Protein chains: 2
Amino acid sequence: MATNLIHIDPDSTESLQSQIRNKLVEGILVGSFPPNTKLPSSRKLAKQLNVSRNTIVLVYQALMDEGYIITKQRSGIFVSEHINTGRVKNLPSSSNHSLITPDKTTNNIQYRFKGAIAKTYEVACPYNWRRYAYPFIDGKFDASLYPIKEWREANNRANASGEIYQWSGLQGLQDDPMLLDEIRSKILPRRGIQASQDEILITVGTQQALHLITQLFVDSSVNVAVEEPGYPEMRELLLQQGANLVYQPLDDQGLVINNKLDDCDIIYTTPSHQTPTSITMSMARRDQLLQQAKQHNSLIIEDDFEFESNFLGQPHPALRSLDKNNRVVYVSCLSKVLAAGVQIAFIVADKQVIQALKKIRKMIMRHPPIMNQRAVAYFLSLGYYDSFMMQLHKVFFERWLELREALNIYLPNCIDTGPIQGGTAYWITGPSRLDGEYLREKAAEQGILIEPIKRYFASSEHPANCFRMGITSLPSDKIRAGVKKLADLIHQLTAEFEEKLSNAKGSLLTGDALTNMLTGAVLECQMVYGVECIIELLNNGTMRGRTGGKDSEIDSGRWWIENDIYYRQWNLWGYGEVKGFYIIMDGQQMKWFDLNYCLVRQLKCLEKPSHGKNS
Amino acid sequence: MATNLIHIDPDSTESLQSQIRNKLVEGILVGSFPPNTKLPSSRKLAKQLNVSRNTIVLVYQALMDEGYIITKQRSGIFVSEHINTGRVKNLPSSSNHSLITPDKTTNNIQYRFKGAIAKTYEVACPYNWRRYAYPFIDGKFDASLYPIKEWREANNRANASGEIYQWSGLQGLQDDPMLLDEIRSKILPRRGIQASQDEILITVGTQQALHLITQLFVDSSVNVAVEEPGYPEMRELLLQQGANLVYQPLDDQGLVINNKLDDCDIIYTTPSHQTPTSITMSMARRDQLLQQAKQHNSLIIEDDFEFESNFLGQPHPALRSLDKNNRVVYVSCLSKVLAAGVQIAFIVADKQVIQALKKIRKMIMRHPPIMNQRAVAYFLSLGYYDSFMMQLHKVFFERWLELREALNIYLPNCIDTGPIQGGTAYWITGPSRLDGEYLREKAAEQGILIEPIKRYFASSEHPANCFRMGITSLPSDKIRAGVKKLADLIHQLTAEFEEKLSNAKGSLLTGDALTNMLTGAVLECQMVYGVECIIELLNNGTMRGRTGGKDSEIDSGRWWIENDIYYRQWNLWGYGEVKGFYIIMDGQQMKWFDLNYCLVRQLKCLEKPSHGKNS
């Protein structure tokens, strides 16, 4: 008997007993120890493997309980002959499909394909994204984010014997009532939504929720408004159903409401954080949209997929919660972090809609795995969801600020992220001459992953100088270094188009002229995220700064002049580092060039409060 | 502070610590303890709840780690003010949809429904089936069948931190490579199938597998052969895609092959155990079907959903394994017992087919939950699947024999189950005058659930006297009592049509005539499951019996005559009980009437081996 196949790994974290058991089972299953093979006695095997006899006795006992081996009186221990029960006796001699010559008519099976097969969109990131040092990819998650201990506990509770007994009795159309109740009482109130159990449907991820909704409401007679740029997978679901799409633009308040919407039966929108721009729909726009829908009898599909990442100001209530006419079909999920593994999302809508969606779901896949439903229900009921959301909010907010800060420091006067209030990705407009796709390739070579944006555009050409950077997949302390490398690359790619000290319009300030201009100056510049910053250079060599926007910040620092170069050091801003600039005045505009002679900022000189005092 | 809301249940199985933690979290989340509320000191709360101070210290520590509470130096412990981070501030005043007057146009939302909504088929069993004493329902499972310990271990391995790190990085189109490999090496060989990883697709249950396949291959230009009676949910999927259905009859070898199939692009079949009749397709028929498909260039969809319940004889290889031309798209699942909770099934087909199905799946729901895939992969790799299948096979076989035996004993000469070799349900043809639907209602009133069969028929009228009985949902020791009750009910419902001793054709045997007829007699009767049984009544008062069929049985016993009644007692058969009969001869046919004067068996008298010896 080939028990010498059993090799024990002394460094394994598995117990000896478990190792030996698994090797024996493997041997039995692959046929190394065929049915009726006599196994060595526990004493003999223990000696052979140099382990205690008790270990082997316990292993044999377990294998006996499991039916792998049997004892025959007075003759010893044998591999069970029932090991192959229910198996086909012999493999047919040549079922290896690739080795045989297929007949010609079926060689290419594609002629049989009738259904709408998804176009393959460019993949947003490579398979092995974890190997990249700086994966600025939205929707992938670094391992530190998983609430492993809490999730395991919830999962274990769902798999306790009493629980399995309970949930395994549920029927095909039914969702887990425990989960429905937890969603109703713990998730929906966060979004201002009240719902009863029969107004909620559980789905396998948000994609399935959207698929079911399009199955129910959309055919070729239906006009559907979608955001442009917008979520490509929803566009494709709608097109597969034959919908007539109306591409609706966005402004900084979200989806634009105009008369193009009047003929739309359905309006699909992502108001929390628009996909892909992260713009949050304003309250005024929400009211306007609901008014529009009421006037023109439209249904709204609200895809509220990232409500946990509202960072600046209080989040707005969901459209569903503001709607008085039952016009909103609401889609959301637990949290994207958990979603990948358990794939639980949900729809909130009118009872009749839920009932109809259930019947469609039944034909498509019966119901989402009940074990997952129950595990998520426990995750919620134990309060882990709330504490997890608090933690995620904290971590994402920190990363989000870190990325904004780094972009602002390393790429001022160069990019624009817009005044967004949250979300887990920035939509970045680079220098007008930048080729975003080329940048993406070059960045990847240096270990930096950024997201292409072409796939979000359908009716219009995508802006070549835009790209996206997400924060879910890399820790805060990597962000600065990643952005610095990316900034160097962008400067390198656009160097020939950048303004240099040598060819700058205006005149270089030196000596007293420089001192006079700066002392007591009040300067205004734009942050890359769309708010202004006011800097006061006081005559005592200190300075003060204040940014605008919802999360207005202040800082102070010191400034001085040395060799006709203006130096400054903030206490907190700019990583508290000393930085020097050449100053050129071009009318009222002041330009700062770094010590590599590159333009880094353009500022407006405001009135000095008491001009001339120090002159 | 309303800490008096915290009530400790001394009988709970939860630890004190866990109870107190959960009550506090609940209070915080529902707002009983709002943000910034000061909590009592650990000493005070311990005293109040009459628990040790350590318990409270540990609870507070956990809540602090989770972010629910904070300590402020020198002032104590407070509910965190970040508790509402990411929540909508106030619920909108009246979002209760049911309280407001809906506008007329949307009151009935159904006018918006466009998609094909499933017809609601009659439900095979009531929601609370577990409350019935005798649930002969196929596909529901009694709790004793769940491999709880093994499943939990597999699940825990899948949720270890290293694992989550690994599987959470998988992309949308990808299945878990570990699961693919386990299916390839541990499940498919049981069915004689060889496949590489790219020939396998994971789905959320078999229903999704069938849905994806119909999406890919079926539109209104396609003719599809289905079994009649057959699986109604597949029929509906096909009809939704616009298929032209060809209803193909069955015989005792399975799907009938005739020229109606010649024009079929696709043939859908359930060869392991036909749904709903449990007929296993013979090897000859399998070859014939593959030949037919090759000749007429048809694709075969093989739904192999119950391969673990082959009881008599070796299971036949799957069609996919016999197919030399890559014409078979194979669908199967783990085991129905596990399926309900984790919903993992799979498709095996040509690479190109799998690739196309993946793209459709992506649009419909991205991918099956990866956690479930990995958990199932561990269940397989640890060998638990094999040992579980062995156990299931044993348990189901035992129940299957028990049910067959009970039907044979309590309903001889009355029903027919056909000569099936396995499966988890019997298709039962009752007395011709029986109304199966009425029987089902009456039986349910007595705690017995049997399955209606109307839903399996599409092109033809369903036979009114048929019903189905399954074995997956009740333990072996309940089967006899359930069948006895059901038999009493059937006799009661059909009493007026049954042959009675009083109106029987033929003549009642008494005295010497009876003794002469029986002594040395060789009798042949039919078992309800379609095999004959030969009984020899020896002249020494003993008897011998032997059944035909694949699992031929023998038994012996004794017989005697008392007051013109024939008594017999088998050692094993008939539960070893004494039973008496009146005997009537009608030509060569012998009829047995029980002591209630009801006909229970008709037997053929064969030649006595040495007739006359004892006369």
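Our subject is the structure that appears above.
All values reported here derive from a predicted model rather than from experimental measurement.

Draft legend 1. The arrangement of the overall build of chain A in detail. Looking only at helices and strands, chain A features 18 helices and 25 strands. What you see for chain A is a C-alpha radius of gyration of 32 Å, clearly larger than the 25 Å of a compact globule of 615 residues, by over 25%. Based on the C-alpha atoms only, the size of chain A along its principal axes is roughly 110 × 65 × 60 Å. Once local pairs closer than 6 in sequence are excluded, the contacts in chain A between residues at least 24 apart make up 66%. Carbon and sulfur atoms make up 48% of the accessible area of chain A, which totals about 24800 Å².

Draft legend 2. Representation of the sheet that holds strand E6 (residues 223–227) of chain B in the model. Residue and element names in this part refer to chain B. Across the sheet, which stays open at both edges, the seven strands sit in the order E5-E13-E12-E11-E10-E6-E7 with mixed pairing between neighbours. Since the sheet does not close on itself, it has two edges, and those belong to strand E5 (200–204) and strand E7 (244–248), each with one partner. The mean angle between the axes of side-by-side strands here comes to 20 degrees, regardless of whether they run parallel or antiparallel. With five bridges connecting them, E5 and strand E13 (residues 344–348) associate as antiparallel partners. Paired with Thr 203 across the bridge in E13 is Ala 345. Helix-sheet contacts for helix H9 (residues 232–240) involve E6, E7, strand E10 (266–269) and strand E11 (299–303), and the interaxial angle to E7 is about 150 degrees.

Draft legend 3. Representation of the packing of aromatic side chains in the model. All chains considered together, the criterion is met by 34 aromatic pairs over all chains. Each ring, one from Phe379(B) and one from Phe388(B), has its centre 6.0 Å from the other, and the planes form 75 degrees; the classification is edge-to-face. For Phe379(B), a relative accessible area of 0% corresponds to the buried category. Given the relative accessible area of 3%, Phe388(B) is considered buried. Members of the aromatic cluster, each reached through a chain of ring pairs, are Trp151(A), Phe379(A), Tyr384(A) and Phe388(A). Looking at Lys478(A), its charged tip hangs above the ring of Tyr134(A), at a distance of 6.0 Å from the centre. Its guanidinium or amino end placed over the ring of Tyr575(B), Arg480(B) lies 3.6 Å from that ring's centre, counting from NZ or CZ.

Draft legend 4. Spotlight on the nonpolar core. Membership of the largest hydrophobic core comes to 200 residues, with the highest contact counts inside it found for Met469(A), Trp592(A), Met469(B) and Trp592(B). Excluding its chain neighbours within four sequence positions, the residues that come into contact with Trp592(B) are Leu523(B), Ile535(B), Tyr566(B), Arg568(B), Phe581(B), Tyr582(B), Ile583(B), Cys598(B), Leu599(B), Val600(B), Arg601(B) and Leu603(B). In terms of nonpolar packing, the next biggest core, distinct from the first, is built from 72 residues, Phe217(A), Leu237(A), Ile301(A) and Ile360(B) among them.

Draft legend 5. Seen up close, helix H7 (residues 177–187) of chain A. All names here are of chain A. All of the buried residues in H7 are Leu 179, Leu 180, Glu 182, Ile 183, Lys 186 and Ile 187. Along H7, the residues classed as buried sweep out an arc of 165 degrees about the axis, all on the same side. With a side-chain oxygen lying 3.1 Å from the backbone nitrogen of Met 178, the N-terminal cap of H7 falls on Asp 176.

Draft legend 6. Layout of helix H10 (residues 283–295) of chain A. Residues and elements named next belong to chain A. Helix length check: H10, at 13 residues, gives a terminal C-alpha distance of 18 Å against a target of 18 Å (1.5 Å per residue), a fit within 8%. Residues of H10 that are buried: Arg 285, Arg 286, Leu 289, Leu 290, Gln 292 and Ala 293. One side of H10 holds all its buried residues, which, seen down the axis, span an arc of 160 degrees. Away from its buried face by more than 90 degrees, H10 exposes Ala 284 and Gln 295.

Draft legend 7. Representation of the pattern of salt bridges within the structure. Residues and elements named next belong to chain A. According to the stated counting rule, one finds 48 salt bridges over all chains in the structure shown. Across the salt bridge formed by Asp 176 and Arg 374, the nearest N and O atoms sit 2.7 Å from each other. Placement of Asp 176 in the loop between helix H6 (161–167) and H7 and of Arg 374 in helix H14 (residues 370–381) is noted, with a sequence separation of 198 residues between them. By relative accessible area, Asp 176 is classed as buried at 0%. With a relative accessible area of 3%, Arg 374 lands in the buried category. Among the ionic pairs, Asp 198 bridges to Lys 351, the shortest N-O distance being 3.9 Å.

Draft legend 8. Structural view of the environment of Arg544(B). All names here are of chain B. Looking at the element boundaries, Arg 544 is found in strand E20 (residues 542–547). Relative accessible area serves as the criterion here: at 43%, Arg 544 is assigned to the partly exposed category. When the C-alpha positions of Arg 544 and Lys 351 are compared, they lie 58 Å apart, and in sequence the two are 193 residues distant. Every residue in contact with Arg 544, bar those within four places of it in the chain, is listed here: Ile 534, Ile 535, Glu 536, Leu 538, Asp 555, Ser 556 and Trp 570.

Draft legend 9. Focus on the packing of helix H5 (residues 148–158) of chain A against H14(A). All names here are of chain A. Running from amino to carboxyl end, H5 crosses H14 at an angle of 125 degrees, the nearest separation of the two axes being 8 Å. With respect to their mutual orientation, H5 and H14 come out oblique. Of the two possible hands of crossing, H5 and H14 adopt the one that is right-handed. Of H14, the residues touching H5 (which contributes Glu 150, Trp 151, Ala 154, Asn 155, Arg 157 and Ala 158) are Met 371, Arg 374, Ala 375, Val 376, Tyr 378 and Phe 379. A breakdown of the residues in the contact of H5 with H14 according to their chemical character gives eight nonpolar, one polar and three charged.

Criteria and cut-off values
- Position numbers for residues count from 1 along each chain, tracking the sequence in the order it is written.
- The order in which chains are written sets their letters, starting at A; the order in which ligands are written sets their numbers, starting at 1.
- Per-residue local features of the predicted model are confined to residues with pLDDT of at least 70, and side-chain atom pairs are confined, for both listing and counting, to 80 or more; whole-chain, interface and lining totals are unaffected and use all residues.
- The side-chain numbers reported here are obtained from all heavy atoms of the structure, hydrogens and water having been left aside.
- Each helix corresponds to a stretch of at least 4 residues labelled H or I by DSSP, and each strand to a stretch of at least 2 residues labelled E; elements are numbered beginning at the N terminus.
- For a compact globule the rule gives 2.2 Å times the number of residues to the power 0.38, and the radius of gyration it is set against comes from C-alpha atoms.
- Contacts are assigned to residue pairs with any non-hydrogen atoms lying within 4.5 Å of each other.
- The accessible surface values rely on the Shrake-Rupley method and a 1.4 Å probe; as for residues, cover is taken only from the protein chains in view.
- The pairing criterion for strands is at least two bridges between them, as found by DSSP.
- Between N-to-C directions, angles cover 0 to 180 degrees, with each direction set by a line fitted to C-alpha atoms, over the stretch in contact for helices.
- Whether two aromatic rings pair depends on their centres lying within 6.5 Å, for rings of Phe, Tyr and Trp, where Trp uses its six-membered ring; planes under 30 degrees apart make the pair stacked, over 60 edge-to-face, and the rest tilted.
- Note on classification: 1.4 Å probe, protein chains only; a residue is buried when its accessible area is under 20% of the maximum for its type, exposed when over 50%, partly exposed between these limits.
- The rule for a charge over a ring is simple: NZ of Lys or CZ of Arg within 6 Å of the ring centre, and within 35 degrees of the ring normal.
- We define a nonpolar core as any set of buried Ala, Val, Leu, Ile, Met, Phe, Trp, Tyr and Cys residues linked to one another through side-chain atoms lying within 4.5 Å.
- Arc, as used here, means the arc of the directions from the helix axis to the C-beta atoms.
- Two N or O atoms count as a polar contact when they lie within 3.5 Å, although within protein this holds only if one can serve as hydrogen donor and the other as acceptor, and sequence-adjacent residues are included solely when both atoms are side-chain atoms.
- What a helix is expected to span follows from its residue count: subtract one and scale by 1.5 Å.
- We count a salt bridge whenever a side-chain nitrogen from Lys or Arg sits within 4 Å of a carboxyl oxygen from Asp or Glu.
- Reported orientations rely on four angle classes, namely roughly parallel under 35 degrees, roughly antiparallel over 145, roughly perpendicular from 65 to 115, and oblique for the rest.
- In a left-handed crossing the near helix is turned counterclockwise from the far helix by less than a right angle, and in a right-handed crossing that turn is clockwise.
- The nonpolar class holds Ala, Val, Leu, Ile, Met, Phe, Trp, Tyr, Cys and Pro. Asp, Glu, Lys and Arg form the charged class, and all remaining residues, Gly among them, are polar.

Taken by themselves, the reported measurements are silent on function.
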